[in-house]
Amino acid sequence: MPTIKDKAAIVGIGVTDFSKDSKRTQIHLACECILAAIKEAGLKVEDIDGMVKHTGDGADECRILRSIGGRNLNYYGECRYGTGGSSSLVLRAVMGVAAGVANNVVVYWTANDSSKRVELTYHVGMYMLSTSEAEQLSFYPPVGLITPEGQIGLIIRRYMHEFGVKDNQFGWVPVVCRENAAKNPAAIFYKQPITIDDYLKSDMIVDPIRALDCHTKIDGGMAMVVTTAERAKSLKQKPVYIMAAAQSAVQGVEMMTSYNRPVISGLPETSNVGKELFRVAGVTPKDINVAQIDDSYAPLVPMQLEELGFCKRGEGPAFCDKGSNIRLGGKLPLNTSGGSLGEGYLYNMNHIVEAVRQMRGTAVNQVKNAELALVSGGAGGPASGLILRR
Amino acid sequence: MAVEYFKGIPLIRPLIDLDNQGFWEAVKNHKLVIQRCKDCGTYVHPPRPCCPNCNSFKKVWAPASGKGEIYSYVNITYEKVGYPGMMCPHAVVLVELEEGTRLITNVVDMKPEDIYIGMPVEVVFEDIAPDLTLYKFKKSKGVKAKKGKR
Amino acid sequence: MIPVPPPHTMPLPVTHFDNIGFWQGVKNHGLVIQKCQGCGAFRHPPRPMCPKCRSLKYEWAPSTGKGKVYSWVTYRQSPHPGFKAPYTVVLVELEEGVRVVSSLTDYPPEKIRIGMPVQVTF
């Protein structure tokens, strides 16, 4: 049965700065990062015939087309569900080029989450009326379960209960992410590492989630250009091949609030994504040299490592303990640019961009001789992921 | 006659953001401006972050002559499809300015039936509320407006 | 004890055709759970179709209102002006097998244990 393995490659990346206030509109950020990605790929604006975006992204593809003077889009589409959306978008792009519907597809994501200068699309206006959200809005906010920290907290509490996790064991993930971010000039927490004591002293936002467990919202945008593996060979940058891309939603899934499954202390979507990625790529977890794991909330990282098969069920926190396995030089370096905890929260897009840089050999915190990178996003809801190779 | 509004029904305000702020500030001061690319001179409307012609992010608010011609128009006669704050009948027109860009607007001092495509117009400004000034157009006499670089 | 904020600042449930029966039950101080008329399975949150047998027929069956704490979180920083922190949100597994999200009244957060028995109040 045919798969998408190695059919497409990422050939250009473009980013804006990450800041607390971009002082620009989302459409402006989109134009910046998309034009940068097209230029980096050695392509022209007219070469772009596909664009995929997040459903709630205020910078819609038609407005971008009008602004950058693009010619024609034969392929456009969108995906939802937060951090589970970004790798899903890459899957969309791969399908577009692999099926011959488009030649060069731009994948982008913009956010003004910090300055809150957020532009709404009509989708987002209707987002609140979608049946999934109406369900959530009906039962959770009236009792005070309003924010994602609380929503995911119920799941993480259950995990802690079933596997006897001690309070500080989750803290090594933020420590390592901030360590990596401290060396990354593009990160929001550049030169600001933290220690495990800082973590333990940090405020509880929603017991059991601490302030340092939470991602940092930023303003910024990132884009990449995806094309066929064939075409990639003749372009400017060294191609980064997409060995596998997958997404998953499993029965009983809700966005951050899947409380009605028999067991809620796991991430079945991530598990499915992992199985699919390794099946399509034909590799195993042992072959992965560097991983970019969704760290929107730190406790979700060890949970994902278990689901993806990097360690056994229940052993995630121990795997991350003291940080020796997950920091640079360790068994499985994670979130080498700082991730959502250290670099900034762009819905896992920055994880994908960092994975591309690792494969190109141009990352700030480069893992030596890295050949395969894995990206995992969407922990706690519909999930997605990628395996990239150089 | 001018477009008439129902008292007590607030009109929708334009959505002002960082990219179009300059345009609306000028309108408030009774001036019509068009975004113009600093590098290649292309006029861009509606305002956009970068130039669709050369992709430069450098731009200026160039003063517009205010003259143009009717490119297209509709006459809203049925209240249910019109905007609740405006009395029917009223016409909504698409004006093509001398500079080549187009504006959606209203025509004042004219019956909708008298509007025709190609009619020369020039801009006027209406202070509808303390926080709402709109550009409108009136029929102009004399030479038909010529097309500019788009 | 959850301090009760003024009603107009509380987020109100979004009710629609599929879940109105639940909220009417709550209004009348009775907990009801959606029950499939095809196979008898309980489900929550309410949905138009049964995921087990795909029947579109359902009824609102009264619940005993008893259950156990399955998980909980305590908001130490209030996310919304209508809620005064600290307050606890619990996920309760009812006797019927479904789980509901609710608040825990009159109980200190330090003493909450997963598995502790609880009873609905209104």
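Conventions used here
Residues numbered from 1 in each chain as written. Chains lettered and ligands numbered in written order. Predicted model: local features only at pLDDT ≥ 70, side-chain atom pairs only at ≥ 80, totals over all residues. Heavy atoms only, no water. Domains from an automatic or database assignment. Contact = heavy atoms within 4.5 Å. Buried area = accessible area lost by both parts, 1.4 Å probe. Salt bridge = Lys/Arg side-chain N within 4 Å of Asp/Glu carboxyl O. Polar contact = N/O pair within 3.5 Å; in protein donor to acceptor, adjacent residues only side chain to side chain. Helix = DSSP H or I, 4+ residues; strand = E, 2+ residues; numbered from the N terminus. Nonpolar A, V, L, I, M, F, W, Y, C, P; charged D, E, K, R; others polar. Buried < 20%, exposed > 50% of the residue type's maximum accessible area, 1.4 Å probe, protein only. Arc of directions from axis to C-beta. Axes fitted to C-alpha atoms, helices over the stretch in contact; angles between N-to-C directions. Left-handed = near helix turned anticlockwise from the far one by under 90°.

Student: Hey, could you go over the domain arrangement of chain A for me, with residue numbers and the actual values?
Tutor: Residue and element names in this part refer to chain A. For chain A, the domain assignment lists domain 1 (8-132 + 219-241) and domain 2 (148-215 + 244-389). With centres defined by C-alpha atoms, the gap from domain 1 to domain 2 works out at 23 Å. Taken together, the contact pairs 36 residues of domain 1 with 33 residues of domain 2. Together domain 1 and domain 2 conceal approximately 2,900 Å² of surface at their shared face, both sides included; 67% is due to carbon and sulfur atoms. Linking domain 1 with domain 2 are one salt bridge. Note that E40 is salt-bridged to R360, the shortest N-O span being 2.9 Å. Here domain 1 and domain 2 share eleven residue pairs in polar contact (both at pLDDT 80 or more) between them. Those elements giving two or more residues to the side of domain 1 that touches domain 2 turn out to be β1 (8-15), α3 (83-98), β4 (104-112), β7 (219-228) and β8 (240-248). Taken together, the residues of the side of domain 1 that touches domain 2 sort by class into 18 nonpolar, 13 polar and five charged.

Student: Describe helix α2 (residues 61-68) of chain A, with residues and values.
Tutor: Residues and elements named next belong to chain A. The complete set of buried residues in α2 reads E61, I64, L65, S67 and I68. Projected down its long axis, α2 shows its buried positions confined to an angular sector of 165°, all on one face. Close packing links the buried residues of α2 with α1 (26-41), β2 (50-54), β3 (75-79) and β4. At the N-terminal boundary of α2, the capping side chain belongs to D60, with an oxygen 3.1 Å from the backbone nitrogen of C62.

Student: Please set out the interface of chain A and chain C residue by residue, giving values where relevant.
Tutor: In this complex, chain A contributes 35 residues to the contact, which on the side of chain C involves 35 residues. In this assembly, chain A packs against chain C so that about 2,900 Å² is buried in total across both faces, 59% of it on carbon and sulfur atoms. Taken together, chain A and chain C are joined by two salt bridges. We note a salt bridge from R76 of chain C to D207 of chain A, for which the minimum N-O separation is 3.2 Å. At the surface where chain A touches chain C, the tally comes to 16 residue pairs in polar contact (both at pLDDT 80 or more). For the side of chain A that touches chain C, the elements supplying multiple residues, two or more each, are α5 (131-139), α6 (148-163) and β5 (204-207) of chain A.

Student: Hey, could you go over the packing of α6 of chain A against helix α11 (residues 300-308) of chain A for me, with residue numbers and the actual values?
Tutor: Residue and element names in this part refer to chain A. Contact geometry for α6 and α11: axes closest at 11 Å, N-to-C directions at 65°. In the crossing of α6 with α11, the sense of the turn from one axis to the other is left-handed. Facing I152, I155, I156 and Y159 of α6, the residues of α11 in contact are L300, M303 and E306. Residues belonging to the contact of α6 with α11 are distributed by class as follows: six nonpolar, no polar and one charged.

Student: Before we move on, can you summarise the interface of chain B and chain A with the specific residues and values?
Tutor: Contacts between the two partners involve twelve residues from chain B, matched on the other side by 15 residues from chain A. Note on chain B versus chain A: buried area summed over both sides is about 1,000 Å², and carbon and sulfur give 61% of it. When the area that chain B buries against chain A is broken down by residue, the three leading residues are L18, R48 and F57 of chain B, summing to 41%. Inspection of the region where chain B meets chain A yields zero salt bridges. Counting across the interface, chain B meets chain A through two residue pairs in polar contact (both at pLDDT 80 or more). Class assignment of the residues belonging to the side of chain B that touches chain A gives a composition of seven nonpolar, one polar and four charged.

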